[in-house]
Every structure is written in C-alpha cells, then in structure tokens.
There are 2 protein chains.
Amino acid sequence: MAKDKKQPRPKAETPKGFRDYFGAEVSERAEMLQKIAGVYHRYGFDALESSAVETVEALGKFLPDVDRPNEGVFAWQEDAADEKSGEMPGDWLALRYDLTAPLARVYAQHRNDLPIPYRRYAMGPVWRNEKPGPGRFRQFYQCDADTVGTTSMAADAEVCAMLADTLEEVGIPRGDYLVRVNNRKVLNGIIESVFSIQLDNAFPDGLSPMGNQSATLLQERMASLTDDVLRTLDKHDKIGDEGVAELLGGGRKDQSGAFIPGLDLPTYIIDGFLAFINARGESNEETIQRLREVVAHSDLGVEGVNELEQIAGLLEAGGYGLDRIVIDPSVVRGLGYYTGPVFEAELTFEIFDEKGRKRQFGSVAGGGRYDDLVKRFTGQAVPATGVSIGVDRLLAALREKGRIGGTVVGPVVVTVMDRDRMADYQDMVGKLRKANIRAEIYLGNPKNFGNQMKYADRRGSPLAVIAGSDEFDRDVVQIKDLILGAQIAENATLEEWKQRPSQFEVPRDQLVAKVKEILDGQG
Amino acid sequence: MAKDKKQPRPKAETPKGFRDYFGAEVSERAEMLQKIAGVYHRYGFDALESSAVETVEALGKFLPDVDRPNEGVFAWQEDAADEKSGEMPGDWLALRYDLTAPLARVYAQHRNDLPIPYRRYAMGPVWRNEKPGPGRFRQFYQCDADTVGTTSMAADAEVCAMLADTLEEVGIPRGDYLVRVNNRKVLNGIIESVFSIQLDNAFPDGLSPMGNQSATLLQERMASLTDDVLRTLDKHDKIGDEGVAELLGGGRKDQSGAFIPGLDLPTYIIDGFLAFINARGESNEETIQRLREVVAHSDLGVEGVNELEQIAGLLEAGGYGLDRIVIDPSVVRGLGYYTGPVFEAELTFEIFDEKGRKRQFGSVAGGGRYDDLVKRFTGQAVPATGVSIGVDRLLAALREKGRIGGTVVGPVVVTVMDRDRMADYQDMVGKLRKANIRAEIYLGNPKNFGNQMKYADRRGSPLAVIAGSDEFDRDVVQIKDLILGAQIAENATLEEWKQRPSQFEVPRDQLVAKVKEILDGQG
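Calculation rules
Residues numbered from 1 in each chain as written. Chains lettered and ligands numbered in written order. Predicted model: local features only at pLDDT ≥ 70, side-chain atom pairs only at ≥ 80, totals over all residues. Heavy atoms only, no water. Helix = DSSP H or I, 4+ residues; strand = E, 2+ residues; numbered from the N terminus. Buried < 20%, exposed > 50% of the residue type's maximum accessible area, 1.4 Å probe, protein only. Contact = heavy atoms within 4.5 Å. Areas by Shrake-Rupley, 256 points an atom, 1.4 Å probe, with all protein chains shown as cover. Buried area = accessible area lost by both parts, 1.4 Å probe. Salt bridge = Lys/Arg side-chain N within 4 Å of Asp/Glu carboxyl O. Polar contact = N/O pair within 3.5 Å; in protein donor to acceptor, adjacent residues only side chain to side chain. Nonpolar A, V, L, I, M, F, W, Y, C, P; charged D, E, K, R; others polar. Pairing = 2+ DSSP bridges. Axes fitted to C-alpha atoms, helices over the stretch in contact; angles between N-to-C directions. Parallel < 35°, antiparallel > 145°, perpendicular 65-115°, else oblique. Least-squares fit on C-alpha atoms with pLDDT ≥ 70 in both. UniProt positions renumbered as here; feature names shortened; annotations may be inferred. 1 Å grid on protein atoms, 1.4 Å probe; cavity = no way out; pocket = protein on both sides within 12 Å on 5 of 7 lines; lining within 4 Å. Expected span 1.5 Å × (residues − 1). Arc of directions from axis to C-beta. Points joined across faces, edges and corners; volume = space filled by probe spheres on them.

*Asks:* Explain the overall build of chain A to me, please; I cannot follow it from the model alone.
*Replies:* For chain A, the count of helices and strands is 19 helices and 19 strands. Within chain A, buried positions represent 51% of all 523 residues. Contacts in chain A between residues at least 24 apart in sequence constitute 67% of all its contacts with a sequence separation of at least 6. By element, 48% of the accessible surface of chain A is carried by carbon and sulfur atoms, the whole surface being about 25,000 Å².

*Asks:* How should the interface of chain A and chain B be read in this particular structure?
*Replies:* How big an interface is tends to be reported as the loss of accessible area on association of its parts. With 95 residues of chain A at the interface, the matching set in chain B holds 95 residues. Carbon and sulfur atoms supply 51% of the area that chain A and chain B bury against each other, a total of about 8,400 Å² over both sides. Here chain A and chain B share 14 salt bridges between them. Along the contact surface separating chain A from chain B lie 51 residue pairs in polar contact (both at pLDDT 80 or more). Residues belonging to the side of chain A that touches chain B are distributed by class as follows: 42 nonpolar, 25 polar and 28 charged. The pairing of strand 1 (residues 21–22) of chain A with strand 2 (residues 46–49) of chain B spans 2 bridges and is classified as antiparallel. Note on strand 2 of chain B: the bridge partner recorded for Tyr21 of chain A is Glu49 of chain B.

*Asks:* What is the right way to read the packing of helix 10 (residues 284–294) of chain A against helix 11 (residues 299–317) of chain A from this model?
*Replies:* In helix packing, the relevant descriptors are the interaxial angle and the interaxial distance, both defined with respect to the helix axes. Residues and elements named next belong to chain A. Orientation of helix 10 relative to helix 11, taken along the N-to-C sense of each, is 175 degrees, at an axis distance of 10 Å. For the element pair helix 10 / helix 11, the angle class is roughly antiparallel. Residue-level inspection shows Asn284, Glu285, Ile288, Leu291 and Arg292 of helix 10 in contact with helix 11, the latter providing Val302, Val305, Asn306, Leu308, Glu309, Ala312 and Glu316.

*Asks:* For this particular structure, what's the right way to read the relation of the copies chain A and chain B?
*Replies:* There are two copies of the chain, and a rotation about an axis plus a shift along that axis relates them. Between chain A and chain B, which share one sequence, the superposing operator has a rotation angle of 180 degrees and an axial displacement of 0.0 Å; the RMSD is 0.1 Å. Accordingly, the operation relating the two chain copies is best matched by a two-fold axis. When each C-alpha of chain A is compared by its distance to the rotation axis, Trp76 of chain A comes out closest, at 2.9 Å. Take the interface residues of chain A: 99% of them recur as interface residues in chain B, which is what a same-surface contact looks like.

*Asks:* Before we go on, may I ask you to explain the sheet that holds strand 4 (residues 75–77) of chain B in this structure?
*Replies:* Working definition: the strands of a sheet are paired by backbone hydrogen bonds and lie parallel or antiparallel to each other. Residue and element names in this part refer to chain B. Here we have 3 strands laid out as an open sheet, ordered 3-5-4, and antiparallel in their pairing. The sheet terminates laterally at strand 3 (53–55) and strand 4, the two strands that pair on one side only. The average undirected angle you get between the axes of adjacent strands in this sheet is 30 degrees. Where strand 4 meets strand 5 (residues 92–95), 3 bridges bridge the pair, whose relative direction is antiparallel. Across the sheet, residue Ala75 finds its bridge partner in strand 5, namely Ala94.

*Asks:* Which parts of the structure should I look at to understand the UniProt feature "binding site: L-histidine" (unreviewed entry) in chain A?
*Replies:* Residues and elements named next belong to chain A. In this numbering, the UniProt entry assigns the feature "binding site: L-histidine" (unreviewed entry) to Asp98, Leu99, Thr100, Arg128, Gln142, Asp146, Arg333, Tyr337 and Tyr338. As for the annotated residues, the ones lining the largest cavity are Leu99. Structurally, Leu99 can be placed in the loop between strand 5 (92–95) and helix 4 (100–110). Those residues in contact with Leu99 that sit more than four places away from it in its chain are Arg120, Ala122, Met123, Gly124, Val126, Gln142, Cys143 and Asp144. Mapped onto the elements, Arg128 comes out in the loop between strand 6 (118–127) and strand 7 (139–148).

*Asks:* I keep staring at the sheet that holds strand 1 of chain A and nothing clicks. Help me out?
*Replies:* Spatially, the 9 strands line up as an open sheet ordered 1(A)-2(B)-6(B)-7(B)-14(B)-13(B)-12(B)-8(B)-11(B), and their pairing is mixed. The open sheet has two edge strands with one neighbour each: strand 1 of chain A together with strand 11 (325–327) of chain B. Examined bridge by bridge, strand 7 (residues 139–148) of chain B and strand 14 (residues 384–390) of chain B share 7 bridges and lie antiparallel to one another. Looking at strand 14 of chain B, one finds that Val148 of chain B is bridged to Ala384 of chain B.

*Asks:* In this structure, what is going on with helix 19 (residues 511–522) of chain A? I would like to understand it.
*Replies:* The α-helix advances 3.6 residues per turn, and as a result positions three or four apart in sequence lie on the same side. Residue and element names in this part refer to chain A. Taking 1.5 Å of rise per residue, the 12 residues of helix 19 would be expected to cover 16 Å, and the 17 Å separating its terminal C-alpha atoms lies within 8% of that figure. Among all positions of helix 19, only Leu511, Lys514, Val515 and Ile518 are buried. End-on view of helix 19: buried residues confined to an arc of 100 degrees, all on one side of the axis. Seen from the buried face of helix 19, the exposed residues on the opposite side, beyond 90 degrees, are Ala513 and Asp520. Residues of helix 19 that are buried make contact with strand 15 (412–414), helix 14 (422–434), strand 17 (463–466), strand 18 (476–481) and strand 19 (503–507).

*Asks:* Can you help me understand empty space enclosed by the protein in this one?
*Replies:* Residues and elements named next belong to chain A. Enumeration over the complete set of coordinates arrives at 4 cavities of 30 Å³ or more. Estimated volume of the largest cavity: approximately 70 Å³. Along the walls of the largest cavity sit Leu48, Glu49, Ser50, Arg96, Leu99, Pro102, Leu103, Arg120, Ala122, Met123 and Gly124, which together make up its complete lining. For the lining of the largest cavity, the secondary-structure elements that each account for two or more residues are strand 2 (46–49), helix 4 and strand 6.

*Asks:* Would you explain the environment of Glu57 of chain B in this entry?
*Replies:* Positionally, Glu57 of chain B belongs in helix 3 (residues 56–59). Separated by 34 residues in sequence, Glu57 of chain B and Asp91 of chain B have C-alpha atoms that sit 8.6 Å apart. Apart from the residues within four sequence positions on either side, Glu57 of chain B is in contact with Arg9, Pro10 and Lys11 of chain A together with Arg376 of chain B. Within the structure, the side chain of Glu57 of chain B is placed 3.1 Å from the backbone nitrogen of Lys11 of chain A, a separation counted as a polar contact.

*Asks:* What's the story with the side chain of Thr55 of chain B in this structure? I'm lost.
*Replies:* When you line up the elements, Thr55 of chain B lands in strand 3. Residue classification places Thr55 of chain B among the buried positions, given a relative accessible area of 8%. Setting aside its immediate chain neighbours within four residues, Thr55 of chain B contacts Glu13 and Pro15 of chain A together with Asp91, Trp92 and Leu93 of chain B.

Okay, structure coming up:
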C-alpha cells in the first residue's frame, strides 16, 4: 500500500494504434457478422476459430531475428522449455496477422479429419505490427471464407455468388454493389507471349540454348516485369489509356513535369495490355471473346479465359446477372497475390470524401484463387480459393446507407425519487424487462433529480418513469416522453406545447402498456 | 524457391496450450453469447470491446522485468519509439489476462464521456501465460457484466437477477440452477471482533498505546488471519463442521495421519465462524436473523448483513424466489477477492465425473463487489460490482443437458455425376439455398462416386441429390435420405427395407419441395 503511493500513476491509455469499441459499434458489428455467418453456413461453409497465437514458424513469411523479432507481427519468445537448466530456448510465438496463414496451418494439421474439399469461414481480430496512423489500427477484424482442396471453377463461382448474397443480406441493395471477376492467368499469358515472341525472334529455329541458369534468370525477369506491369495497370483509372501506354512504352511526364521512365515494351504488346484491361463488353460473352483474341498465342492465357468462361456460365445458371457479378478485366488490385481467378466487390453508390468531393464508395471485399496453401508444411500442393470481407469498410458503408446506426435507442430509465421505495422501482423495471423492453433503474446518487435526467439523456433514453411518494400514495406513475420532449423544447409553438403533452400519468398497473404505446409511437 | 527446399518444413501445430475450434463448437458458443448479450442489453448494459493488447503498465499486477517479462502474461517490448537513435526503449505490451483490468483502464480513460453509473458487458478471449495441462488452455473466453460507479445494493441485486435470467435464457431450466449470495463484510466483521476482543482484554480502559507501526502490524495480522480462515472455511464441504473446528482451533490429523497445526482461535470465535457458514435457514429472513446474531458486536459485520437484507428485499420485489436466488453464507469461493456482496451460480443437476461418480455440475459463474477499480489510474476510489460467466463450463453444461450439440445437421450435398452439367447442379443448389436450406455441390474430383458418398457422410449430410445423364434426360432427380438409409442399414429387417425406401425419384421442379419434406420428417 505504502509502496503504491511512491510509484507514478499508470497512464490510462490503449497502446498506440489500438482502440476500444463501445455499445452500438460492438453490437452492430456482431449483428453484421452474424448475418454473414448465416449466408456462409447456408452455402455449406463451416466455422473455424483458430488460435489467435501461432508459432512464428507456422505463420511463416515473418521470421524472427534476435534484434527485431517484431518485423510486421507482434512476436515474443516463450520461456525456456526446461526452466531449470534454462538451456533450451523457447519457441517464438506471434499474434496472427491474417486468417489465411492460420488456415494453412489448420488444414495441414487436421487434414485427415477434415472433409475434402474443406469449406470454412473465419471471423475475428488480426494484428499487424505497423506504424499506426490516422484511421490505421494495429488490431482489426477480418472475415474470410475459403474452399480448400479443389481446382474446380465451381468453387470460385460459388464464392462470387456467396459474396453477392452476403452483401444483399447485410443490407446493400442490388444495384449498389458489383462483384467483378478477372483472372491472373490472362495477364500472365500476355506477359508469357512477350517473352516467347522475344525468344522466337532470337532463336527462330525453336532451339533455345538456355541452361538452368538462364531459365532462372528468365523467370526472374518475367516476375519483375509482371510486378511493373501490375503497378502500371493499377494506375489506369487515374491516368487512362494514354498514361498507361506511355508508362508501358517510352515513359511519361507526370503532373509536376518530372519524367518517369517507361518499361520500353513494343507497341503491339502495349496494345495487348490495353485491350486486356479494356476488354469488358456489354455481355460476359463479348468480354470473353475479346480476351480470347488478346491471349490467342498463350496456352496459359487461353486457360485463364476458359476459366472465366466456366465461372460466367455457372453464375448465369445460378441466376446471377450482370447487375450483380460481371467479368471485368480492369480488376487489377489483388492480381499480384493470386494465381487464377480474382474477385473484387465494389459498392457503386457515391459518397462525399473528406474533401467534399463525390466518389464511389469502392471496394469492400476481395479474393481469388491461390496455390500451394499448405505446401510449406506437407510438401503437397493444395489449391484454394476464397474471399475476405473488409469488416470495417462494410460497416462504414452500411452506416453511410443509413442501414445501421441511425437511431440507437437507449433503455427506459426508471428514476429514483425515494430511496426507500427501491423495491417498487425494482418491480417496475422487472415488469418492463419481462415485456422485452430495455430498462434500467437509475443507480447513482438520487438526491439531485436533474442529474437523473442528465443521465437519461446521456443514455439516449426514449422515456423516463417517475414515481415519488405522491404517486405511490395514488398508485400511479408519471411517464415522460423524452424524445417528444426534446422535439417540443426545440421548436414547438406554445399551441403545440399545450396540445402535445410529453408527460403522462397512468395507473401503475398500466405502466408497461403505456410505455409500449409510447415506444411504438416513437419507432 | 530453391532456398525453400533446404529449410526444414515447419511443424503444423498450435503453440502448446492453444487450440482451434471447429464448426459447431464455434457456432454454439456464438449463439450462447448472443443470447447472453440479449439479456444484458435488456438490463441496460452496453457492449464494450476493449483492445486485446494493453500496455503492461495499464494492466498492472504483472510487471515486466528484463529476464522474465512474461510472468503470467504474454508480453513483449515495442520497438524503440525513435528508430533512428534507438535510444528510447519501447513500451511493454501484453495480451489482456481478464476483462476487468481493461475495464478499469477504459473507465479511467473515458470517464468523462461515459454515463455514470456505467453498466457494461464484454465477451472475448483472454490469455494467460501459464503452464498448459490437460483441459487447461492459455487462451479462453470470458463473458463479464459490471456496473461501475455506484454503491447501491440495487446494482448487486440486479446482477444476481440478470444472472438467473441469463441461465434460463441459454437453456438451463429453473430448478437446475441456484444463485447463492454471501457478503465478505460479514466474515470480516467476525474477524474484526476477534481482534477487538483481544484488544479490549489487553487494554480494558480503551486506551490503546498503538502507534502507526503497530496499527500496520495489526492490519497485516488481520489480513493473514483472514486468508487462513478463508482457506479453512473453503474445506467445509469436504471436512465438515468438525474438521473446520479442528483447523481453526488446535489442529487436525488428516487422512494420512499427518498432523496439521490449527489457527489456535478461541472456541467462541470458532463457533462464530461455524455459525456463519451454517447460517442458511429456511428463508432469507431466517438466514439474515442468524447472521445478525453472529456479528452483533461488529459494525462492519452488521453493515454486511444489512446489505444482504437489502439485496434479499429487492430480489423478492423482483419476483426472484428462493428456488432461483438465495442468501447462503456457505459461499466461500470468491470471498477472498471481493469486498462486499459476492455471488455464485451453481448448476444443481448431477453428472458423472471422469471416475463415474455422481456429483453436482457445480459453479458456472461468480462475481461480487470490488472497490478501487480505477484508483491506480486516477487516485479516486470507484466502487463496482459484476459477474463473470465461465463460458466453457456453461457450454459444457448445455451439452450435458442436451440443449446443444445433439444433432449437428450438415448440408444437403448435390453430387456430381457429369462434370459437363455443373450449371445444372449449380441451379439446383442455388434453389435449395434460396429456400433457406443449407446445401452444397460436391467440389472434389467426381470420378469416384463412392468418395462423394463418403464426403457426404463426413459432412453429416441429411440427404444427397443425385442426377446423371439418365435423370437429366427424363428431367428428374434422385434424392437419397442418408439418415434413414443409415438407420435401415444398421438394423432394419428385409421387410422394413422394402417398405421404407430411402431413395426417391422426383421431377426436377419438385426437388426443393421433396427435400423440405424429407428434412421436416427427419427433424
């Protein structure tokens, strides 16, 4: 005790980049996730909640070193396994940074007990050890659904359909969203043909003198070019065809006048990329036909187009029209990570950004097919496809659309006029709750009635119940309509004030009925 | 790539003491927590989800040291705030070990914006850096509700009532649970009188020569005696009145014959403790009357009894009878931590333990009043009272009672006989889902039909839909009732086999109707 006083008081703060969620923020998210889980369940997906803590070894990607074990993840070392000798160093543990790395570990660990293909969904917080900034947090929610263990395009089509259903289920009306589908293989096909044409030109007889070393070099050059092309195509919505053509070709002057060197690709290849990104037609058939022309010379590209065609066919059979899901080669985001089909869900309604400019709400979910999910663990390649919903962005969209957060109704507050009648107040509040009405007794110091009304105000209470000795003597209660009261106080004329009383006296046994009546009227 | 092959494969395992939750385990818990949140909400409690990561400074209790920063919590040090100079050491962060320490931090941080009193509930995982053992995990769920900022016994009564309502809401029938209420002040009152009588004997003129130093000494002796008494009383249900009397008095031989020294308290004090722990009468009034006699000489004790009387009165007014909530001084668990009223919810039905012996299911929730929640942060004493539900134990109880987990129904599986007809299968599964039937297409390699049936079995599917080219030609589908099929396969006679077909052929446009009919029959 005496010791405590000497220590400085701890700061009452979350660590930097972390935050708390209060009241409606928590329940609205829970409600949205519950609706999403309902759709996923209907599609045959099973819930999975993996441990929040993984070994750094199993998480992969981030490897600990002695100086900076926290690169990108929150990591720490376990105490030595043998505490007495202290010789065996403990494992490095870390908080999961996404829900995919744990899925890989779970699938590898439990693959003999899981149905294959394995459809699973997961929802929960993930943690990133990054520099926090405004609106950038180090703990946030993810909500993923993946199908592991099948190469069938039906799995990809299913994920797209499920995504569309999910958006409608949580309250985004049809017409306000669009799921766009692209395929990484098409882009890779175009890049492949760049190289095959170059090789053909160099070795027209088809006999390439390359050994293993130059094959690796070629791979590296292709990977590097792919990254550059992706980065360039991703700017298409800002700089248009012309800008993209310049950056893929001889270079471009940016707005400041600075010259950005280009990739120096030949014109017919640049045309190929532009044809790819602009291939979306009036119908999926038209889009696919255009893509076929673009990639005619690449087996991989043709494979990608065939996959898109299969997905389009399955979605059409499922009744998902172009107003909900569309093949759109302009989807670039996500192409970098995935290996086959990719999907992105955009909300198409307009909002005003921080600077007051109108813009589309934008992406709320994305996903695609990725290979080798568990290869690190087992050596076996296991194909998978899935989607991740941006929980915070989707919640923000629902708030924007007024689907949630419009009116948070607080509890009915039973005020305390007479401390000796707590049993009576308890009786009243109990009856309200039994009628499924959110209600509470004021539990602070009741002496100052004004404080009770201030409390009711802070709670967002729709009405207050008031009973003092006079009311108890006459077996009545006063009910004050706080919402009407606030409206009247703000802008009513004297006439209205008289005509619309906001306080009612009712016999005590009619308390519940009258409260219900007022709440229904307010609703 | 080449590098990968040289590295040993990572182990696909959760860290020791952590686990994954699959399917029904996840959804059953989510459903239970949702019901609990519903009751809490009706009582006016607001949701709070605090950050999972706190500064070690804010968590308190556990302080980091350089050698073993992980004592009890999972902790790690942030990278230096100023990366360039590397001079300012980063904060120590840790995963929360319960939901109360974060509540203290949140209340101190946001107290100017929160309604006071502040009723909040919180649900989520907490982490303990403890040695894992069978059934002991280092990550588990807690579910708490607390009222902060009021000394009113109505807050304590409310928490007890809410606990009873909650248990019924999740599926524990009335009669199968009992909320028992005790008060730490009564026990403290008895201990206080031990010392006051001793002092009176030593200084009959009432003038104690004690300076500050001996006052501290006296406090320490009282605290130490309290701990000893609590430990002894907690053994009452095992060793009975006689055993407790021996341990409070001259000592006791245990079963092995070893002698355990006693506390050497005088007989009339021992009688006081025994009277306390056995004070539960036929009614709360009787219990309270008995307690009054026990603590007549202690102001603190009388205060405790008065508090119990208030709680009993409020609960009676709320219609909570002795079959749901009862004043019971034999509740010892939890007394150690709390400062006023304490509550414990026990499930009273019997189960068989690991050794096949019958015993009561036991405690699933506990709580009470605790002071100085935020004093560490602000210097101000803030009273609080609350309850914590043992999420895993309550789930186990519901499983035990057959309320959950009885029949996990898997999805309807639409099998794939003909890969070229995927669009048709897609159409079928889409129609089933639109009718709110959980359904999926088999997405594995369809070549081996036996594998598809094995998959359906592993998924717990109630029925499978089968259509090959013959069925498509005739515009029909086959529906196989897998549950009936399994029953028949197990124990039907040939007659029954003939009479109860488990496979039906229906026109394709009657698929949904027939599936519904079969599912309804199975349910």
